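The primary structure of each chain is shown beneath.
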Amino acid sequence: MWPNNKLLFFVVILFTISCFKLSYCTTIRNISAGNINRVCPEIEKKALLSFKESLEDPSNILSTWNISANVNCCNWKGVACSNITGNVHQLRLQGLRGNLNPSLVNLKHLSYLNLSQNEFVERVPSFIGSITSLEYLDVSNAGFIGIIPDSIGNLSNLRTLRFENGLYVENLDWLSGLSQLEHLNMNSVDLSSASNWQQVISTLPSLVELHFSSCNLDFNSAHLNNMTTSLVVLDLSHNIFRSLDILKRTFQLSNLGFLDLSDNLFEGPIPTVTNYTTKLQYIDLSSNLLNSTIPDSFYSLKHLEYVYMNNNHLQGPISFKIANLTSLAILDLSSNQLSGNIPGGVTHLCNIQNLDLSQNNLQGEIFGNMSHCFLASLESLDLSENQLSGDLTAQFGEFKSLKTLSLGSNNLSGEIPTNIGKLSFLEALNLTDNNLSGNLPESLGQLFNLEYINIEDNKLEGVVSEIHFADLTKLKYLYASGNHLTLKVSTNWIPPFKLQILTLGSWNFGEGAQFFPAWLETQKRHIGMLSLSNTGISGNVPAWIWKIGHLNLSHNHLHGNILVISEHTALYQCIYLSSNQFSGPLPQIPPNAFDLDLSNNSFSGELSHFLCNVTTNATYSLQLLHLQGNKLSGEIPDCWTKWSSLTYLNLGNNTLSGRLPESIGFLTRLRSLNLYNNKISGRIPFSMSFCTDLVKIDLGDNDIDGGIPTWMGTSLTNLWILILRANQLSGNISSEICQLNSLQILDLSDNNFSGIVPRCVHNFTAMSTKIILSGYSIANPDRSYNSTNFRESAKVSTKGTEYQYDNTLALVTNIDLSNNNLSGGIPEELTTLVELKFLNLSGNSFTGLIPQSIGDMKQLESLDLSRNSLSGEMPNSFRVMSFLNYLNVSYNHLRGRIPESTQFMGFNASSFIGNDDLCGPPLTRNCSGPLKKDDNHYKTTSSSKIEWLYVFVSLGYAVGLSIFCTMLIFKKSWREAYYKFMEEMWNRVYVYFYIKWRKLTKTSV
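Because the structure is predicted, anything quoted here is derived from the model rather than measured.

Procedures and definitions
- Residues numbered from 1 in each chain as written.
- Predicted model: local features only at pLDDT ≥ 70, side-chain atom pairs only at ≥ 80, totals over all residues.
- Heavy atoms only, no water.
- pLDDT = per-residue confidence, 0-100.
- Contact = heavy atoms within 4.5 Å.
- Phe/Tyr/Trp six-rings, centres within 6.5 Å; stacked < 30°, edge-to-face > 60°.
- Helix = DSSP H or I, 4+ residues; strand = E, 2+ residues; numbered from the N terminus.
- Pairing = 2+ DSSP bridges.
- Axes fitted to C-alpha atoms, helices over the stretch in contact; angles between N-to-C directions.
- Disulfide = S-S within 2.5 Å.
- Buried < 20%, exposed > 50% of the residue type's maximum accessible area, 1.4 Å probe, protein only.
- Patch = residues over 30% accessible without salt bridge, like charges linked within 9 Å, V, L, I, M, F, W, Y side chains within 5 Å.
- Areas by Shrake-Rupley, 256 points an atom, 1.4 Å probe, with all protein chains shown as cover.
- Salt bridge = Lys/Arg side-chain N within 4 Å of Asp/Glu carboxyl O.
- Lys, Arg positive; Asp, Glu negative; His and termini not counted.
- Charge placed at Lys NZ, Arg CZ, Asp CG, Glu CD.
- Core = buried A, V, L, I, M, F, W, Y, C linked by side-chain atoms within 4.5 Å.

> How would you sum up the confidence of the model for the protein chain? Please name residues and give values.
Atomic detail in the predicted coordinates should be set aside for any region of low pLDDT. Within the protein chain, residue pLDDT values average 87, and 89% of them lie at 70 or more. A low-confidence stretch, residues 774-789 (pLDDT under 50), is modelled with 37 contacts involving residues beyond four sequence positions or located in other chains. Across residues 931-946, confidence stays below pLDDT 50; counting only partners more than four residues off in sequence or on other chains, it has twelve contacts.

> Summarise the packing of aromatic side chains; cite the residues concerned and give the values.
Under the definition given, this model contains 30 aromatic pairs. A centroid spacing of 5.9 Å and a plane angle of 40 degrees characterise the contact between Tyr282 and Tyr306, whose relative ring orientation is tilted. Here the residue Tyr282 occupies a position in strand 15 (residues 282-284), and Tyr306 occupies one in strand 17 (residues 306-308), the gap between them amounting to 24 residues. Through pairs of rings, three or more aromatic residues link up here, namely Trp197, Phe212, Phe241 and Phe266.

> Let's hear about the sheet that holds strand 30 (residues 459-464): which residues, and what values?
In spatial order, the strands read 24-26-28-30-32; together these five strands make up an open sheet with parallel pairing. Looking along the sheet, the strands with just one partner apiece sit at the ends: strand 24 (389-391) and strand 32 (484-487). Between one strand axis and the next, the sheet turns through 20 degrees on average, direction left out of account. Pairing of strand 30 with strand 32, which is carried by four bridges, proceeds in the parallel orientation.

> Before we move on, could you go through the state of the cysteines and cite the residues and values that matter?
Applying the stated rule across the entire model yields six disulfides. The disulfide partner of Cys919 is Cys927, and the gap between their sulfur atoms is 2.0 Å. Because the sign of the S-S torsion sets the handedness, a value of about 100 degrees for the bond joining Cys919 and Cys927 places this disulfide among the right-handed ones. A relative accessible area of 8% places Cys919 in the buried class. Taking only the cysteines that form disulfides and numbering them from first to last, the protein chain has the pattern 1-2, 3-4, 5-6, 7-8, 9-10, 11-12.

> Give me the lowdown on a nonpolar patch on the surface, citing residues and values where you can.
A cluster of nonpolar side chains, contributed by Trp986, Tyr990, Val991, Tyr994, Ile995 and Trp997, occupies part of the molecular surface with about 700 Å² of accessible area. Note on placement: Trp997 falls in helix 10 (residues 972-1004).

> So, a negative patch on the surface: which residues are in play, and what are the values?
A cluster of like negative charges, contributed by Glu365, Asp391, Glu415 and Glu461, occupies part of the molecular surface. Relative to the elements of secondary structure, Glu365 occurs in the loop between strand 22 (361-363) and helix 5 (372-377).

> A description of the nonpolar core should follow, citing residues and the corresponding values.
Looking at soluble globular proteins, one finds that nonpolar side chains tend to be buried together. Core analysis: the biggest nonpolar cluster contains 255 residues, and Leu161, Leu172, Trp174, Phe212 and Phe298 have the highest contact counts within it. Counting eleven residues, the second largest nonpolar core, distinct from the first, contains Trp720, Ile721, Ile745 and Ala794.

> Describe the sheet that holds strand 18 (residues 315-316), and please don't skip the residues or the numbers.
On the basis of which strands lie adjacent, the open sheet formed by three strands has the order 18-20-22 and parallel pairing. Looking at which strands have only one partner, the edges of the open sheet turn out to be strand 18 and strand 22. Pairing of strand 20 (residues 337-341) with strand 22 involves three bridges; the strand directions are parallel. In the strand pairing of strand 22, Ser339 is matched with Asn361.

> So, the pairing of strand 30: which residues are in play, and what are the values?
Relative to strand 30, strand 28 (residues 435-438) runs parallel, the two being bridged by two bridges. Note on strand 30: the bridge partner recorded for Gly438 is Leu460.

> Can you lay out the pattern of salt bridges for me, pointing to particular residues and giving the numbers?
Charged atoms that come close allow side chains of opposite charge to pair. Throughout the structure, instances matching the rule amount to 14 salt bridges. For Glu900, the salt bridge is made with Arg897, and the minimal N-O distance between the two is 3.4 Å. By sharing partners, the salt bridges in this structure join Asp701, Arg725, Asp747 and Glu802 into a single network.

> If you had to explain the environment of Lys302 to someone new, which residues and values would you point to?
Within the secondary structure layout, Lys302 lies in the loop between strand 16 (289-290) and strand 17. When the C-alpha positions of Lys302 and Thr326 are compared, they lie 6.6 Å apart, and in sequence the two are 24 residues distant. If sequence neighbours within four positions are ignored, Lys302 has contacts with Asn324 and Ser327.

Structure below.
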């Protein structure tokens, strides 16, 4: 009986195990299939509902958090539960506002919390540090402000932590408690107070990824002595590191694959790459101050795929060893000072997609033989702004994937390859500012993906027809000014593109040039910039044109009245209509007009309706107003208060009259004021002293009277150009003008100034120091004008002729005081202006000698001292003035020989006439006898210096003699020795001469 019981027991046990196994497997299958839906615990449901109550939900993200809609919180949006236990273990919530409720601490199994992209606008709640089950925490860009609580350090299970924007810390000691942390992102968190951040980071043995970008970390905290070697990703970009030690340390991290140290202040050579950095795939050192060559060790990093070293000061050539970087996908070395040829190995990089070597000093011929894999892989090529030369070979039409080709601002020549139409993926083509010639290939019209073309400033010629644009349906930007191309299209041509920018300056529009091109109207809905300058078009301008934001129709034959320039949606409008035949009153302009150039037309009437009849509440943005060369009349109105943004004002060459208005003082941003050649009278108003940014004033050829205001030297200290010629100004030239030490052009000619030239002229330091031209814009040196269509200019009378300078205006230095009533001597201080190029003192009453130091002014090209009362000889130092090519000293009282030099032999005799006592070539009068030579300029010491020499010698003799006599009086031993010596000398002399006399008397007997 007992064996049967044992058998029965065994069967029961086996049946139980089978049932359990079957039940377990069924459960697992159902879990996998999602057939079992666990219900979240009641306490967690209440915690979530309490959390919801304190939040604002403008996008109804939490609309499903409702027990009436769904009792199970595991089905609520943004909530994820364990399929086994039903506990909430993930929350992903975005787009919320309000405050965080501490009820979240009741979610005991929560391991993933993502609250990024919200607008909480409060401090990071410290209770988050109590949710110790968290393994992932992301509160980046959540609107939190203030300090990060130390309680976050209690999350010992945390593997990923993300804080970004608007937060700060006093220290990072709390990070030491996160021993399992693998990913740490604190971008844009202010860590400037965490001086020990590197020591804290070294305590995180599992850290794989570290992002400390834009954290205000400076060079005082740049010592990575014990950086954890587990790091694979390191981003310390956009800080203020200076020490290169941090670079050296990071190059020793053996697992590092991603390194971003861009936009810091690293200065000096790139450190040598060590053997530890063999896994590096991504390196970004851009926007620093690195100034060495690229070290050879860098080319040993064979796994490199992405290299960014742009915007540094890297020098020297690119090594041929670059061919070793066979994995390269992106190489950006732009905006450096690299030189030499581009190594041929570059064209054998088979994985390269983006190659940018622009803005360097690279030379030599552009790519030779390019490999097939290079032609197949490259998507973007930028070699612009170098000094590359040579022709574009047919291989440039064989790229298989090229989307961007930028070769602008080089010295490329030859023709554009005819097979360029094969670049079917090409989206942008930049060939501007080269020497390309020949015809524009018709195959260009086959580039159906092309959006951007820039072929400006080349030597292209020939006819451009509809074929050139046949398939350019995506074209938006066409820059083609500065060529010799002729456009020939049918009168009813409808272009396939919708352009936003079109520049065809200097093109020939063919037989239809007498009319405004009709096909342009098809572009009116999209075009924001149109330049048709110097194309020969004529006739009236269609009304829709005045709605374009940036318009250049200058140097044509357009005519008619312009009543209103419509407001464009663009932020600023720029209108350039100079050198046409527009007439009538000035048009009304919108408040957002930025540049307005209506110069050299026939606009007439008064300025008051243009300047004063403006919208009362509008703020006008106009910075450039150029109205010179019209027929404007009447007084300059006193209503400049609405135009306070003006930086350039030119009303010259009109017939404006009256006084300068007081309200001109409201133009406090004005840098260039040009009112020349009008009929303006009265004095220069004091209110102009508030225009302290003025760089140029040209009030020449008017009827302005009074004197030069003393405030001009103290208030307008930025002046570079002051032109007041041909007015009725009088009085002395005050010494306050010498405070204008930036002055380069001073023209006070043809006035009634009297008195002497101030001796303080040596304070014009801009005329005595070498001028360096860099990014010059006279109206605003800090920025160039919106368009290259405008250049500042000034007229300078020199060498007997009036010249207009624009491109080289910054290099001109000139003083013109001619035709006044100035008297006295030419101050010797004037000769210290050694960089002065033009000096005109003619037509005054100067007397005395020409300063002997005139030869110090070696840069002088033109010197006019004629029609004065100068006397004496011409200094021989004239002979060293090798740049002097115009000299006029006629009608003075000079005498003696004209200095002999090759330079003087080229001057005409008329330069010396009117001086009765001058002789020698080029005058026919011979010098009667030899004249005292004074070849050495430095021996021409003034008489005052010679007198002082005699004074000091006499004083020395007198002092020495008095000391000697004093010693004889008070020192008996010296006195006795002296008398004994003198007695012996007397006896010897007496005996010598007595013997001689006796011998002579005996001989005579």
